[in-house]
Amino acid sequence: MRGHNVDRRIERQRVKPFPGVKIALFGVALLLLASIACGRDPGMPAVTQEFSLPTALPSPEAAPAPGAGSEAVVSTVPSTWEGPRTWEPEDVSTLERVTQELVAPTFFPEHEQVYDGEPRVVEVRMEIEEKEIEVAPGVFMWAFTFHGSVPGPMIVVHEGDYVELTLANPASNVLLHNIDFHASIGALGGGALTNVGPGQEVVLRFRAVKPGVFIYHCAPGGTMVPWHVTHGMNGAIMVLPRGGLKDPAGNPITYDRAYYVGEQDYYIPRYESGEFKRYDSAAASAVDDLEAMKTLVPTHIVFNGVTGALQGDGQLTANVGDNVLIVHSQANRQSYPHLIGGHGDYVWERGSFSDAPETGLETWVIAAGSAGASISTIRQSGTYVYLSHNLVEAFAFDAKAILVAEGEWDNDLMEQVSPPGPIQ
Ligand SMILES: [Cu+2]
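Residues numbered from 1 in each chain as written. Predicted model: local features only at pLDDT ≥ 70, side-chain atom pairs only at ≥ 80, totals over all residues.

(A) Region of the structure containing the overall build of the protein chain. Within the protein chain, the regular secondary structure consists of 6 helices and 21 strands. Considering only contacts in the protein chain between residues 6 or more positions apart, those separated by 24 or more positions represent 76%. (Helix = DSSP H or I, 4+ residues; strand = E, 2+ residues; numbered from the N terminus. Contact = placed C-beta atoms within 7 Å.)

Put into C-alpha coordinates, the structure is as follows:
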(Lines give C-alpha, C1' and ligand atoms only; values in the text may rest on other atoms or scores of the structure.)
Protein backbone atom coordinates (compact mmCIF):
# COMPACT_ATOMS: atom_id res chain seq x y z
CA MET A 1 0.00 0.00 0.00
CA ARG A 2 1.41 3.33 -1.02
CA GLY A 3 0.35 6.93 -0.69
CA HIS A 4 0.51 9.30 2.23
CA ASN A 5 -3.23 9.63 2.70
CA VAL A 6 -3.78 5.95 2.91
CA ASP A 7 -0.89 5.58 5.31
CA ARG A 8 -2.52 8.11 7.62
CA ARG A 9 -5.84 6.30 7.32
CA ILE A 10 -4.14 3.05 8.23
CA GLU A 11 -2.49 4.76 11.16
CA ARG A 12 -5.85 5.90 12.45
CA GLN A 13 -7.22 2.41 12.11
CA ARG A 14 -4.29 1.02 14.06
CA VAL A 15 -5.21 3.25 16.97
CA LYS A 16 -8.77 1.97 16.94
CA PRO A 17 -8.59 -1.21 14.94
CA PHE A 18 -11.61 -2.99 16.26
CA PRO A 19 -14.44 -0.67 15.12
CA GLY A 20 -12.99 -0.42 11.63
CA VAL A 21 -12.85 -4.18 11.26
CA LYS A 22 -16.26 -4.59 12.78
CA ILE A 23 -17.94 -2.14 10.49
CA ALA A 24 -16.36 -3.61 7.40
CA LEU A 25 -17.57 -7.06 8.37
CA PHE A 26 -20.95 -5.67 9.34
CA GLY A 27 -21.41 -4.05 5.94
CA VAL A 28 -20.34 -7.12 4.03
CA ALA A 29 -22.52 -9.31 6.24
CA LEU A 30 -25.52 -7.06 5.57
CA LEU A 31 -24.96 -7.41 1.85
CA LEU A 32 -24.69 -11.15 2.28
CA LEU A 33 -27.88 -11.33 4.32
CA ALA A 34 -29.71 -9.15 1.81
CA SER A 35 -28.57 -11.45 -0.97
CA ILE A 36 -29.69 -14.56 0.90
CA ALA A 37 -33.04 -12.95 1.69
CA CYS A 38 -33.57 -12.44 -2.01
CA GLY A 39 -32.83 -16.07 -2.76
CA ARG A 40 -29.70 -15.26 -4.70
CA ASP A 41 -26.38 -16.95 -4.31
CA PRO A 42 -24.07 -14.04 -3.46
CA GLY A 43 -21.09 -15.90 -4.79
CA MET A 44 -22.53 -16.27 -8.26
CA PRO A 45 -21.49 -13.87 -10.98
CA ALA A 46 -24.17 -11.83 -12.75
CA VAL A 47 -25.92 -13.61 -15.55
CA THR A 48 -24.96 -11.24 -18.30
CA GLN A 49 -21.61 -10.11 -16.97
CA GLU A 50 -18.23 -11.73 -16.75
CA PHE A 51 -16.96 -9.96 -13.67
CA SER A 52 -16.68 -11.76 -10.35
CA LEU A 53 -18.14 -10.75 -7.05
CA PRO A 54 -15.82 -10.90 -4.07
CA THR A 55 -15.71 -14.49 -2.91
CA ALA A 56 -14.10 -14.11 0.51
CA LEU A 57 -17.24 -13.08 2.34
CA PRO A 58 -17.29 -13.48 6.12
CA SER A 59 -19.98 -15.54 7.80
CA PRO A 60 -23.15 -13.76 8.97
CA GLU A 61 -22.04 -14.50 12.55
CA ALA A 62 -19.28 -11.96 12.02
CA ALA A 63 -21.85 -9.17 12.21
CA PRO A 64 -21.74 -7.17 15.46
CA ALA A 65 -24.67 -6.95 17.81
CA PRO A 66 -27.48 -4.57 16.79
CA GLY A 67 -26.54 -1.03 17.65
CA ALA A 68 -22.82 -1.66 17.64
CA GLY A 69 -22.62 -0.74 13.96
CA SER A 70 -23.82 2.82 14.30
CA GLU A 71 -21.06 3.68 16.77
CA ALA A 72 -18.48 2.09 14.53
CA VAL A 73 -19.78 4.01 11.51
CA VAL A 74 -19.17 7.35 13.18
CA SER A 75 -15.63 6.42 14.11
CA THR A 76 -14.62 5.47 10.57
CA VAL A 77 -15.73 8.62 8.77
CA PRO A 78 -12.67 10.79 8.08
CA SER A 79 -13.23 14.18 9.63
CA THR A 80 -10.86 16.11 7.39
CA TRP A 81 -9.87 16.06 3.75
CA GLU A 82 -6.25 15.03 3.44
CA GLY A 83 -5.66 15.99 -0.17
CA PRO A 84 -5.54 13.78 -3.23
CA ARG A 85 -3.72 10.52 -2.84
CA THR A 86 -0.22 10.46 -4.23
CA TRP A 87 1.73 7.50 -5.53
CA GLU A 88 5.39 6.57 -5.53
CA PRO A 89 6.69 5.97 -9.05
CA GLU A 90 6.96 2.29 -9.88
CA ASP A 91 9.46 0.35 -11.94
CA VAL A 92 6.86 -0.56 -14.53
CA SER A 93 9.05 -3.33 -15.95
CA THR A 94 8.61 -5.32 -12.72
CA LEU A 95 4.87 -4.97 -12.36
CA GLU A 96 2.32 -7.64 -13.17
CA ARG A 97 0.77 -7.17 -16.59
CA VAL A 98 -2.82 -8.06 -17.33
CA THR A 99 -4.66 -7.83 -20.62
CA GLN A 100 -8.16 -6.45 -20.59
CA GLU A 101 -10.42 -7.75 -23.33
CA LEU A 102 -12.78 -4.98 -24.30
CA VAL A 103 -16.46 -5.68 -24.84
CA ALA A 104 -19.12 -3.55 -26.48
CA PRO A 105 -21.35 -1.48 -24.20
CA THR A 106 -23.65 -1.84 -22.36
CA PHE A 107 -21.39 -4.50 -20.90
CA PHE A 108 -18.32 -4.15 -18.76
CA PRO A 109 -15.08 -6.04 -19.23
CA GLU A 110 -14.28 -8.74 -16.72
CA HIS A 111 -12.94 -7.12 -13.57
CA GLU A 112 -12.58 -7.41 -9.81
CA GLN A 113 -14.70 -5.06 -7.73
CA VAL A 114 -12.22 -5.20 -4.88
CA TYR A 115 -8.49 -5.26 -5.51
CA ASP A 116 -5.91 -4.02 -3.05
CA GLY A 117 -2.71 -5.58 -4.30
CA GLU A 118 0.29 -4.06 -6.00
CA PRO A 119 -0.38 -1.72 -8.94
CA ARG A 120 -0.65 -3.52 -12.25
CA VAL A 121 -0.18 -2.61 -15.87
CA VAL A 122 -3.48 -3.10 -17.64
CA GLU A 123 -2.92 -3.59 -21.35
CA VAL A 124 -5.73 -2.53 -23.62
CA ARG A 125 -5.81 -2.71 -27.40
CA MET A 126 -8.31 -0.48 -29.13
CA GLU A 127 -8.93 -0.34 -32.86
CA ILE A 128 -10.51 2.72 -34.40
CA GLU A 129 -13.19 1.99 -36.95
CA GLU A 130 -14.92 4.47 -39.23
CA LYS A 131 -18.16 2.91 -40.32
CA GLU A 132 -21.59 3.92 -41.51
CA ILE A 133 -24.35 3.27 -38.98
CA GLU A 134 -28.11 3.67 -39.16
CA VAL A 135 -28.76 6.13 -36.33
CA ALA A 136 -32.52 5.88 -36.73
CA PRO A 137 -34.60 4.11 -39.36
CA GLY A 138 -33.46 5.52 -42.72
CA VAL A 139 -30.96 7.96 -41.17
CA PHE A 140 -27.31 7.15 -41.83
CA MET A 141 -24.08 8.61 -40.52
CA TRP A 142 -20.41 7.72 -40.71
CA ALA A 143 -19.58 6.96 -37.08
CA PHE A 144 -16.02 7.37 -35.86
CA THR A 145 -15.72 4.64 -33.28
CA PHE A 146 -13.32 3.41 -30.66
CA HIS A 147 -13.33 -0.34 -31.18
CA GLY A 148 -16.45 -0.42 -33.32
CA SER A 149 -19.08 0.84 -30.90
CA VAL A 150 -20.79 4.08 -29.89
CA PRO A 151 -19.92 4.73 -27.15
CA GLY A 152 -16.47 3.17 -27.09
CA PRO A 153 -15.90 0.27 -24.70
CA MET A 154 -15.74 0.67 -20.94
CA ILE A 155 -12.25 0.19 -19.49
CA VAL A 156 -11.95 -0.81 -15.83
CA VAL A 157 -8.79 -0.47 -13.75
CA HIS A 158 -7.99 0.15 -10.10
CA GLU A 159 -6.57 3.30 -8.59
CA GLY A 160 -2.80 3.38 -8.97
CA ASP A 161 -2.77 0.98 -11.94
CA TYR A 162 -1.17 1.88 -15.24
CA VAL A 163 -3.30 1.85 -18.36
CA GLU A 164 -1.19 0.84 -21.35
CA LEU A 165 -3.26 1.50 -24.41
CA THR A 166 -2.39 0.49 -27.93
CA LEU A 167 -4.46 2.68 -30.20
CA ALA A 168 -4.58 1.39 -33.78
CA ASN A 169 -5.93 3.32 -36.75
CA PRO A 170 -6.21 0.74 -39.54
CA ALA A 171 -5.39 1.72 -43.11
CA SER A 172 -9.03 1.13 -44.00
CA ASN A 173 -9.88 4.40 -42.23
CA VAL A 174 -9.40 7.84 -43.83
CA LEU A 175 -9.05 10.22 -40.86
CA LEU A 176 -6.47 11.03 -38.21
CA HIS A 177 -7.59 10.24 -34.66
CA ASN A 178 -6.28 10.31 -31.09
CA ILE A 179 -7.55 9.88 -27.56
CA ASP A 180 -7.92 12.26 -24.61
CA PHE A 181 -8.48 10.46 -21.29
CA HIS A 182 -10.10 12.69 -18.68
CA ALA A 183 -8.79 10.18 -16.13
CA SER A 184 -5.18 10.98 -17.02
CA ILE A 185 -2.77 13.82 -16.29
CA GLY A 186 -0.68 15.54 -18.96
CA ALA A 187 -0.33 16.07 -22.72
CA LEU A 188 -3.97 17.07 -23.28
CA GLY A 189 -5.09 13.87 -21.60
CA GLY A 190 -2.78 11.91 -23.85
CA GLY A 191 -4.23 13.52 -26.97
CA ALA A 192 -0.92 15.15 -27.88
CA LEU A 193 0.88 11.79 -27.73
CA THR A 194 -1.61 9.62 -29.58
CA ASN A 195 -2.23 11.19 -32.98
CA VAL A 196 -2.41 8.30 -35.42
CA GLY A 197 -3.06 8.46 -39.14
CA PRO A 198 -4.55 5.58 -41.12
CA GLY A 199 -2.17 2.63 -41.01
CA GLN A 200 -0.52 3.68 -37.73
CA GLU A 201 -0.70 2.59 -34.12
CA VAL A 202 0.63 4.19 -30.96
CA VAL A 203 1.15 3.04 -27.38
CA LEU A 204 0.31 5.36 -24.48
CA ARG A 205 0.77 4.54 -20.82
CA PHE A 206 -0.77 6.65 -18.10
CA ARG A 207 -1.30 6.13 -14.43
CA ALA A 208 -4.88 6.07 -13.17
CA VAL A 209 -4.40 8.14 -10.03
CA LYS A 210 -7.94 9.51 -9.67
CA PRO A 211 -10.63 7.04 -8.63
CA GLY A 212 -13.89 7.60 -10.43
CA VAL A 213 -15.60 7.34 -13.77
CA PHE A 214 -14.32 9.49 -16.60
CA ILE A 215 -14.91 9.90 -20.28
CA TYR A 216 -12.33 9.53 -23.00
CA HIS A 217 -12.76 11.01 -26.46
CA CYS A 218 -11.03 11.77 -29.70
CA ALA A 219 -9.60 15.29 -29.82
CA PRO A 220 -7.66 15.92 -33.04
CA GLY A 221 -7.76 19.71 -32.69
CA GLY A 222 -10.01 22.68 -33.53
CA THR A 223 -13.45 21.91 -34.84
CA MET A 224 -12.26 18.38 -35.49
CA VAL A 225 -12.79 17.83 -31.75
CA PRO A 226 -16.58 18.30 -31.66
CA TRP A 227 -16.83 16.77 -35.12
CA HIS A 228 -15.28 13.51 -33.97
CA VAL A 229 -17.05 13.51 -30.61
CA THR A 230 -20.45 14.08 -32.19
CA HIS A 231 -19.75 11.27 -34.60
CA GLY A 232 -19.61 8.90 -31.64
CA MET A 233 -15.93 8.97 -30.78
CA ASN A 234 -16.14 8.84 -27.00
CA GLY A 235 -16.29 6.29 -24.23
CA ALA A 236 -15.55 5.88 -20.53
CA ILE A 237 -13.14 4.38 -18.05
CA MET A 238 -13.89 3.36 -14.46
CA VAL A 239 -11.04 3.67 -11.97
CA LEU A 240 -12.14 1.74 -8.91
CA PRO A 241 -10.79 2.80 -5.52
CA ARG A 242 -8.44 0.40 -3.77
CA GLY A 243 -10.70 -1.75 -1.63
CA GLY A 244 -13.76 -1.10 -3.80
CA LEU A 245 -16.69 1.25 -3.60
CA LYS A 246 -17.86 2.56 -0.24
CA ASP A 247 -21.09 4.08 1.06
CA PRO A 248 -21.00 7.44 2.91
CA ALA A 249 -20.18 5.64 6.18
CA GLY A 250 -17.27 3.78 4.64
CA ASN A 251 -19.03 0.42 4.35
CA PRO A 252 -18.31 -1.60 1.22
CA ILE A 253 -20.84 -1.57 -1.60
CA THR A 254 -20.81 -4.19 -4.32
CA TYR A 255 -22.88 -4.48 -7.45
CA ASP A 256 -24.48 -7.51 -9.03
CA ARG A 257 -24.70 -6.08 -12.53
CA ALA A 258 -22.99 -3.23 -14.28
CA TYR A 259 -24.15 -1.38 -17.36
CA TYR A 260 -22.53 1.38 -19.36
CA VAL A 261 -24.91 3.91 -20.90
CA GLY A 262 -23.25 6.36 -23.26
CA GLU A 263 -25.52 9.17 -24.32
CA GLN A 264 -24.83 10.60 -27.75
CA ASP A 265 -26.00 13.73 -29.53
CA TYR A 266 -25.80 13.80 -33.32
CA TYR A 267 -26.08 16.71 -35.74
CA ILE A 268 -26.96 15.21 -39.08
CA PRO A 269 -27.29 17.58 -42.05
CA ARG A 270 -30.58 17.77 -43.90
CA TYR A 271 -31.70 18.85 -47.32
CA GLU A 272 -34.03 21.84 -47.48
CA SER A 273 -36.85 19.33 -47.78
CA GLY A 274 -35.96 18.17 -44.27
CA GLU A 275 -34.70 14.81 -45.44
CA PHE A 276 -31.44 13.70 -43.85
CA LYS A 277 -28.39 13.65 -46.09
CA ARG A 278 -26.35 10.49 -46.59
CA TYR A 279 -22.68 10.56 -47.56
CA ASP A 280 -20.32 8.29 -49.45
CA SER A 281 -17.40 8.47 -47.04
CA ALA A 282 -16.38 9.34 -43.49
CA ALA A 283 -14.92 12.69 -44.55
CA ALA A 284 -17.56 13.84 -47.03
CA SER A 285 -19.98 15.34 -44.51
CA ALA A 286 -17.44 17.58 -42.73
CA VAL A 287 -18.52 20.96 -44.11
CA ASP A 288 -22.24 20.29 -43.74
CA ASP A 289 -21.69 18.82 -40.29
CA LEU A 290 -20.02 21.97 -39.03
CA GLU A 291 -23.05 24.03 -40.03
CA ALA A 292 -25.40 21.53 -38.39
CA MET A 293 -23.30 21.41 -35.19
CA LYS A 294 -23.21 25.20 -34.92
CA THR A 295 -26.98 25.30 -34.53
CA LEU A 296 -26.38 23.58 -31.17
CA VAL A 297 -29.61 21.71 -31.84
CA PRO A 298 -29.08 17.97 -32.05
CA THR A 299 -31.03 16.04 -34.62
CA HIS A 300 -30.71 12.89 -32.52
CA ILE A 301 -30.08 12.15 -28.83
CA VAL A 302 -29.73 8.44 -28.18
CA PHE A 303 -28.34 5.96 -25.70
CA ASN A 304 -25.61 3.66 -26.97
CA GLY A 305 -25.29 4.79 -30.52
CA VAL A 306 -28.59 4.28 -32.24
CA THR A 307 -32.29 4.73 -31.58
CA GLY A 308 -33.69 1.98 -29.41
CA ALA A 309 -30.31 0.38 -28.64
CA LEU A 310 -31.22 -0.27 -25.00
CA GLN A 311 -34.79 -1.33 -25.61
CA GLY A 312 -36.19 -4.63 -26.84
CA ASP A 313 -33.28 -7.03 -27.38
CA GLY A 314 -30.88 -4.50 -25.85
CA GLN A 315 -32.84 -3.77 -22.70
CA LEU A 316 -31.18 -3.94 -19.32
CA THR A 317 -32.14 -6.76 -17.00
CA ALA A 318 -31.94 -7.36 -13.27
CA ASN A 319 -33.43 -9.45 -10.50
CA VAL A 320 -35.22 -8.09 -7.47
CA GLY A 321 -32.53 -7.62 -4.84
CA ASP A 322 -29.77 -6.77 -7.31
CA ASN A 323 -27.54 -3.77 -6.94
CA VAL A 324 -27.31 -2.37 -10.46
CA LEU A 325 -24.41 -0.09 -11.29
CA ILE A 326 -24.98 2.23 -14.23
CA VAL A 327 -22.18 4.42 -15.53
CA HIS A 328 -23.63 7.21 -17.65
CA SER A 329 -21.48 9.39 -19.89
CA GLN A 330 -22.13 12.40 -22.08
CA ALA A 331 -19.08 13.80 -23.85
CA ASN A 332 -20.72 16.90 -25.29
CA ARG A 333 -23.93 17.90 -23.50
CA GLN A 334 -25.61 17.69 -20.12
CA SER A 335 -27.93 14.85 -19.17
CA TYR A 336 -30.30 14.13 -16.29
CA PRO A 337 -30.40 10.43 -15.40
CA HIS A 338 -33.55 9.20 -13.70
CA LEU A 339 -34.89 5.71 -13.10
CA ILE A 340 -38.66 5.81 -13.47
CA GLY A 341 -40.03 3.70 -10.62
CA GLY A 342 -36.79 3.68 -8.67
CA HIS A 343 -33.95 5.78 -7.33
CA GLY A 344 -30.26 6.28 -7.44
CA ASP A 345 -29.60 4.71 -4.04
CA TYR A 346 -25.94 5.69 -4.29
CA VAL A 347 -24.92 8.33 -6.80
CA TRP A 348 -21.49 9.67 -7.64
CA GLU A 349 -23.02 12.45 -9.67
CA ARG A 350 -19.76 14.06 -10.67
CA GLY A 351 -18.08 10.71 -11.08
CA SER A 352 -15.37 11.02 -8.41
CA PHE A 353 -15.03 8.00 -6.14
CA SER A 354 -12.88 10.16 -3.85
CA ASP A 355 -16.17 11.65 -2.69
CA ALA A 356 -18.84 9.82 -0.73
CA PRO A 357 -21.86 9.03 -2.87
CA GLU A 358 -25.08 10.95 -2.51
CA THR A 359 -27.98 8.73 -1.51
CA GLY A 360 -31.59 8.26 -2.51
CA LEU A 361 -31.64 10.65 -5.44
CA GLU A 362 -34.55 10.97 -7.84
CA THR A 363 -32.60 12.63 -10.66
CA TRP A 364 -29.01 13.69 -11.04
CA VAL A 365 -26.92 15.59 -13.55
CA ILE A 366 -24.20 14.52 -15.89
CA ALA A 367 -22.19 17.56 -16.88
CA ALA A 368 -21.14 17.92 -20.49
CA GLY A 369 -17.86 16.10 -20.84
CA SER A 370 -18.23 13.78 -17.89
CA ALA A 371 -19.46 10.47 -16.58
CA GLY A 372 -21.36 9.68 -13.39
CA ALA A 373 -22.15 6.46 -11.59
CA SER A 374 -25.21 5.25 -9.74
CA ILE A 375 -26.15 2.10 -7.90
CA SER A 376 -29.84 1.28 -7.67
CA THR A 377 -31.06 -1.56 -5.48
CA ILE A 378 -33.94 -3.15 -7.34
CA ARG A 379 -36.71 -3.66 -4.80
CA GLN A 380 -39.69 -4.23 -7.06
CA SER A 381 -40.27 -6.38 -10.11
CA GLY A 382 -41.44 -5.04 -13.45
CA THR A 383 -40.43 -2.53 -16.07
CA TYR A 384 -38.41 0.57 -15.30
CA VAL A 385 -37.34 3.30 -17.69
CA TYR A 386 -33.84 4.72 -17.27
CA LEU A 387 -33.73 8.02 -19.10
CA SER A 388 -32.58 11.58 -19.24
CA HIS A 389 -35.29 13.50 -17.43
CA ASN A 390 -35.39 16.19 -20.01
CA LEU A 391 -38.50 14.36 -21.14
CA VAL A 392 -38.44 15.86 -24.59
CA GLU A 393 -34.99 14.39 -25.07
CA ALA A 394 -36.16 11.08 -23.62
CA PHE A 395 -39.36 10.62 -25.59
CA ALA A 396 -39.39 12.99 -28.57
CA PHE A 397 -35.78 12.01 -29.17
CA ASP A 398 -34.67 8.67 -27.70
CA ALA A 399 -32.52 9.27 -24.64
CA LYS A 400 -33.87 6.27 -22.78
CA ALA A 401 -33.35 2.65 -21.87
CA ILE A 402 -35.67 -0.03 -20.56
CA LEU A 403 -34.74 -2.02 -17.48
CA VAL A 404 -36.78 -5.13 -16.68
CA ALA A 405 -36.57 -6.64 -13.20
CA GLU A 406 -37.62 -10.23 -12.54
CA GLY A 407 -38.90 -11.26 -9.15
CA GLU A 408 -41.73 -11.03 -6.69
CA TRP A 409 -44.01 -8.01 -6.63
CA ASP A 410 -44.00 -6.38 -3.19
CA ASN A 411 -47.49 -5.20 -2.25
CA ASP A 412 -46.07 -3.41 0.76
CA LEU A 413 -44.19 -1.03 -1.51
CA MET A 414 -47.07 -0.52 -3.93
CA GLU A 415 -50.50 -1.95 -4.58
CA GLN A 416 -53.33 -1.03 -6.87
CA VAL A 417 -56.06 -0.97 -4.25
CA SER A 418 -58.85 -0.99 -6.82
CA PRO A 419 -58.49 -1.11 -10.60
CA PRO A 420 -59.79 1.68 -12.85
CA GLY A 421 -63.59 1.67 -12.97
CA PRO A 422 -66.57 3.97 -13.21
CA ILE A 423 -66.51 6.96 -10.85
CA GLN A 424 -68.60 6.04 -7.77
CU1 LIG B 1 -11.26 10.74 -34.10
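Picking up where we left off.
(B) Molecular detail of the sheet that holds strand 21 (residues 400-406). With mixed pairing, the 4 strands of this open sheet are ordered in space as 14-21-20-16. Of all the strands in the sheet, the pair left with one neighbour each is strand 14 (316-319) and strand 16 (337-340). Looking at each pair of strands side by side, their axes are set apart by 25° on average, direction ignored. In this structure, strand 20 (residues 382-388) lies alongside strand 21, joined through 6 bridges in antiparallel fashion. For Val385, the partnering residue across the bridge sits in strand 21 and is Ile402. (Pairing = 2+ DSSP bridges. Axes fitted to C-alpha atoms, helices over the stretch in contact; angles between N-to-C directions.)

(C) Fine view of the pairing of strand 19 (residues 370-377). Most of strand 19 is tucked away: 7 of the 8 residues are buried. Judged from the 3 bridges that link them, strand 17 (residues 344-348) and strand 19 form a sheet pairing that is antiparallel. By the bridge assignment for strand 19, Trp348 is matched with Ala373. (Buried ≥ 20, exposed ≤ 12 C-beta atoms within 10 Å, placed from the backbone.)

(D) Spatial organisation of the pairing of strand 13 (residues 300-303). What you see with strand 13 is no split at all: His300 and Val302 on one side and Ile301 and Phe303 on the other are buried throughout. Sheet analysis places strand 12 (residues 257-266) next to strand 13, joined by 4 bridges and oriented antiparallel. Paired with Tyr266 across the bridge in strand 13 is His300.

(E) A look at the nonpolar core. Ranked by internal contacts, the top residues of the largest apolar core, which has 83 residues, are Ala236, Ile237, Met238 and Val327. Sorting elements by how many residues they give to this core places strand 2 (residues 121-136) first, with 6 residues. Non-local contacts of Ile237, meaning those with residues more than four positions away in its chain, are made with Ile155, Phe181, Ala183, Phe214 and Tyr216. (Core = buried A, V, L, I, M, F, W, Y, C linked by C-beta atoms within 7 Å.)

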